[in-house]
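These are the residues of each chain, in order.
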Amino acid sequence: MDIRNIAIIAHVDHGKTTLVDALLKQSASFKQKTAENGDLIMDSNELERERGITIFSKNASVIYKDTKINIVDTPGHADFGGEVERIMRMVDGVLLLIDAKEGPMPQTKFVLRKAIQAGHKIVVVVNKIDKPDARVEWALNATYDLFFELDATEEQIEFPVIYAAAREGKAGKEKDLSKMTDISPVFETIVNYLPPPKKSDIDTLQMLTVNLAYDNYKGKIAIGRLYSGTLKKNMTVAHINRAGEIKKVAITSVMLFDGLGKMEVESANAGEIVCIAGIPDVSIGETIADPDHPIALPTIHIDEPTIKMTFSVNTSPFRGKEGKFTTSRNLKDRLEKELETDVALAVTPTEASDRWVVAGRGELHLAILIEKMRREGFELEVSKPQVIYKEVDGKKTEPMELVSIEVPEAYSGTVIEMMGKRLGMMTNMRVDDNKNAYMDFTIPTRGLIGIRNKFLTSTKGTGIMNTIFLGYEPYKGDLPPLLHGSIVATQAGTSNNYGLVTAQGRGTLFISAGVAVYEGMVVGETPREGDVLVHVAREKELTNFRAKNEGLADQLEVPLTLTLEDALDYISDDELVEITPQNIRIRKKYLNENERKKANKTW
């Protein structure tokens with residue numbers, strides 16, 4: 001059977017996963033399974049469904065006429081770029097989705113650059129043409145400009161264009177929605193324009209491991225592109241690890257993708273995306289080769305991490321009460337397991353046996369890891385995210401980001417002031433006919449830590465912010481200090497109205513009445529610099545005297561509920577986020593006031 005291996009790439013929320021679902025539902029091999037799957041079939045992970053974004057790359061396979069199409073759905077967020085970089089080694093062509101209203105966005109540029117660098121042919125799908133404010137011609141012209149900017153080859157720039165409304169399952173070569181009936185024009189363009197797998201110059205077996213999965217019966221499963229040769233069940237192969245060491249092992253199972261599942265086969269030929277079991281210590285980027293003539297494939301290059309945090313075991317007074325995995329051994333094993341599947345992650349041990357420095361591609365990258373661990377039953381503490389500096393030619397350099405912002409014009413001055421205070425430099429600004437301002441800034445990565453909540457508050461929830469990593473540049477200078485402090489509980493107990501009313505007068509609360517607290521726990525934010533100490537579990541003394549207004553209940557405002565990302569954005573250098581399966585708390589590193597004073601004392 002003829003084969004096409006394709007990846008679908010796009011900026012976050014441009015309809016990539018919706019298009020994949022439409023392709024699956026309208027393929028002959030998958031129609032009978034549609035009813036039981038519902039929408040967003042590919043976003044099967046609980047976190048992905050909650051957040052509405054693709055986090056993990058996933059494979060599927062469909063049959064169109066006499067062609068098998070292996071589809072890889074990739075993340076659109078730059079924080080998960082490690083997934084995109086790996087997938088480019090598995091495919092021969094790319095479908096690039098562009099939103100008909102928004103056009104190319106910062107992370108469109110990121111994912112497209114990876115595809116162009118890999119030398120792949122590209123099909124452009126202008127999606128969401130059914131939007132009332134769609135700007136199809138403008139979006140397409142902006143896409144051409146982006147291809148030129150990224151130094152695409154002449155062949156890559158002469159891409160075919162398909163117009164689509166993926167949510168309705170329709171596509172066509174003309175931008176008239178009324179003439180579209182189904183998604184088949186996408187299938188036809190894939191088969192006619194994108195190339196089949198290239199034949200390798202080497203005849204011996206070569207497979208590159210690009211992804212990993214786990215099966216309760218088969219164990220660890222290596223997923224990758226079979227560049228040459230044939231893989232057979234129970235055959236002996238050479239496993240070449242990253243260090244170049246060669247070990248002979250027997251493959252216990254060979255599988256191909258069938259729809260969303262895997263189908264056991266006796267053998268697989270060159271060009272297929274295959275899954276093999278039987279190699280317990282296989283890792284991403286390693287080669288499966290011929291045992292008699294083992295030749296390693298080039299390793300996968302992954303951009304380096306830019307943000308780091310310290311992960312440690314939970315040391316708060318509530319440790320061990322809410323989670324299943326609370327020891328340093330549990331935490332160490334879980335981080336090592338994550339390293340096997342996330343090549344963009346780096347874990348470095350510290351002098352302390354219960355603490356590790358974990359580095360990733362961005363705050364969201366690390367926050368997703370923490371959220372996964374939390375749902376698995378782990379208790380841990382994490383520090384404030386920090387950027388990773390480099391020294392180049394004796395000079396200190398730091399990571400920089402391109403920030404693209406869309407806000408109503410009325411808030412543009414507020415946004416410019418906010419970015420300026422964080423060392424942001426505006427590089428572009430335009431205002432459309434609907435009075436929406438579009439601005440681009442270059443800003444140090446550290447300037448973005450803690451900005452998203454303030455940005456949404458300042459724009460009353462109407463602003464959209466997207467970022468992409470630009471590279472390292474000379475250090476831009478010190479940031480102004482944060483003008484806020486924390487409201488800190490002074491004693492353990494259970495919060496009540498009487499104690500919280502006193503705290504409420506100092507700022508914004510994070511907790512309500514009836515919440516267990518401990519000394520050193522952060523229960524709110526004050527707008528002034530410096531911490532405020534409050535006994536939120538204090539109860540009113542009972543006397544025989546009646547106050548004039550007795551019986552009138554003190555009114556407590558609704559507390560601000562912090563998500564994990566909110567807490568990571570909020571904390572200062574002397575604070576930690578305590579994460580358990582049931583709660584996210586903010587605490588001081590040193591819980592006792594006297595210990596904090598000693599730590600802050602300078603001689």
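Residues numbered from 1 in each chain as written. Predicted model: local features only at pLDDT ≥ 70, side-chain atom pairs only at ≥ 80, totals over all residues. Heavy atoms only, no water.

Participant: Account for the overall build of the chain, naming residues and giving values.
Facilitator: The secondary structure content of the chain amounts to 16 helices and 35 strands. Burial statistics for the chain: of 603 residues in total, 52% are counted as buried. Within the chain, contacts between residues separated by at least 24 positions form 71% of all contacts whose residues are at least 6 apart in sequence. Carbon and sulfur atoms make up 49% of the accessible area of the chain, which amounts to about 28,300 Å² in all. (Helix = DSSP H or I, 4+ residues; strand = E, 2+ residues; numbered from the N terminus. Buried < 20%, exposed > 50% of the residue type's maximum accessible area, 1.4 Å probe, protein only. Contact = heavy atoms within 4.5 Å. Areas by Shrake-Rupley, 256 points an atom, 1.4 Å probe, with all protein chains shown as cover.)

Participant: Lay out the environment of Asn592 with the relevant residues and their values.
Facilitator: When you line up the elements, Asn592 lands in the loop between strand S35 (584–588) and helix H16 (593–600). Measuring from C-alpha to C-alpha, the distance between Asn592 and Gly520 comes to 6.1 Å, with 72 residues separating the pair along the chain.

Participant: Provide a residue-level description of the packing of aromatic side chains, including the pertinent values.
Facilitator: The tally for this structure, following the rule as stated, stands at seven aromatic pairs. Centre to centre, the rings of Tyr144 and Phe159 are 4.7 Å apart; their planes meet at 20°, and the pair counts as stacked. Taken as a pair, Tyr144 in helix H6 (residues 136–149) and Phe159 in the loop between helix H7 (154–157) and strand S6 (161–165) lie far apart in primary sequence, 15 residues in all. For Tyr144, a relative accessible area of 27% gives the class partly exposed. Here Phe159 falls in the buried class, since its relative accessible area comes to 6%. Ring centres of Tyr389 and Tyr475 lie 5.9 Å apart, and the angle between their planes is 70°; on these two criteria the pair is classed as edge-to-face. Here the residue Tyr389 occupies a position in the loop between strand S22 (386–387) and strand S23 (390–392), and Tyr475 occupies one in the loop between strand S27 (464–474) and strand S28 (485–489), the gap between them amounting to 86 residues. Of the residues examined, Tyr389 reaches a relative accessible area of 34% and is grouped as partly exposed. Each residue in the set Tyr144, Phe147 and Phe159 is aromatic and connected to the rest through ring pairs, giving one cluster. One cation-aromatic arrangement involves Lys396 over Tyr389; the distance from NZ or CZ to the ring centre is 4.3 Å. Directly above the ring of Tyr475 sits Lys396, whose terminal nitrogen or CZ lies 4.2 Å from the centroid. (Phe/Tyr/Trp six-rings, centres within 6.5 Å; stacked < 30°, edge-to-face > 60°. Lys NZ or Arg CZ within 6 Å of the ring centre and 35° of its normal.)

Participant: Please give an account of the confidence of the model for the chain that cites residues and values.
Facilitator: The pLDDT averaged across the chain works out to 82; a share of 89% of its residues lies at or above 70. By mean pLDDT, the top-scoring element of the chain is strand S21 (residues 380–382) (93), and the lowest-scoring one is helix H2 (residues 34–37) (42). Predicted confidence is poor over residues 32–43, with pLDDT under 50, and the contacts of this stretch with residues over four places away or in other chains come to 34 contacts. (pLDDT = per-residue confidence, 0-100.)

Participant: Tell me about the pairing of strand S18 (residues 307–312), residues and numbers included.
Facilitator: With six bridges joining them, S18 and strand S20 (residues 355–360) adopt antiparallel strand pairing. Each bridged residue has a counterpart across the sheet, and for Thr310 the counterpart in S20 is Val357. In this sheet, S22 lies alongside S18 in antiparallel orientation, the contact comprising two bridges. Following the sheet pairing, Ile307 is matched in S22 by Val387. Where S18 and S21 come together, two bridges link them in antiparallel fashion. Each residue of the ladder has a partner; that of Ser312, found in S21, is Glu381. (Pairing = 2+ DSSP bridges.)

Participant: I'd like to hear about the environment of Asp290, residue by residue, with values.
Facilitator: Along the chain, Asp290 turns up in the loop between strand S17 (287–289) and S18. Residue Asp290 is classed as buried on the basis of its relative accessible area of 19%. Between the alpha carbons of Asp290 and Leu205 there is a distance of 4.8 Å; along the sequence they are 85 residues apart. Ignoring anything within four residues of it in the chain, the contact list for Asp290 reads Thr204, Leu205 and Ala238. At 2.7 Å, the side chain of Asp290 and the backbone nitrogen of Asp292 are in polar contact. For Asp290, the side chain forms a polar contact with the main-chain nitrogen of His293, separated by 3.2 Å. (Polar contact = N/O pair within 3.5 Å; in protein donor to acceptor, adjacent residues only side chain to side chain.)

Participant: With reference to specific residues and values, describe a nonpolar patch on the surface.
Facilitator: A surface patch of nonpolar side chains, about 290 Å² in accessible area, is lined by Ile416, Met426, Met429 and Val431. Among the elements that make up the nonpolar patch, the one with the highest residue count is strand S25 (residues 425–431) (three residues). Position of Met426 among the secondary structure elements: in strand S25. Given the relative accessible area of 36%, Met426 is considered partly exposed. (Patch = residues over 30% accessible without salt bridge, like charges linked within 9 Å, V, L, I, M, F, W, Y side chains within 5 Å. Salt bridge = Lys/Arg side-chain N within 4 Å of Asp/Glu carboxyl O.)

Participant: Give me the side chain of Arg334: which residues, what numbers.
Facilitator: Here Arg334 shows up in helix H9 (residues 328–341). The contacts of Arg334, once residues within four sequence positions are left out, are Lys372, Met373, Glu376 and Phe378.

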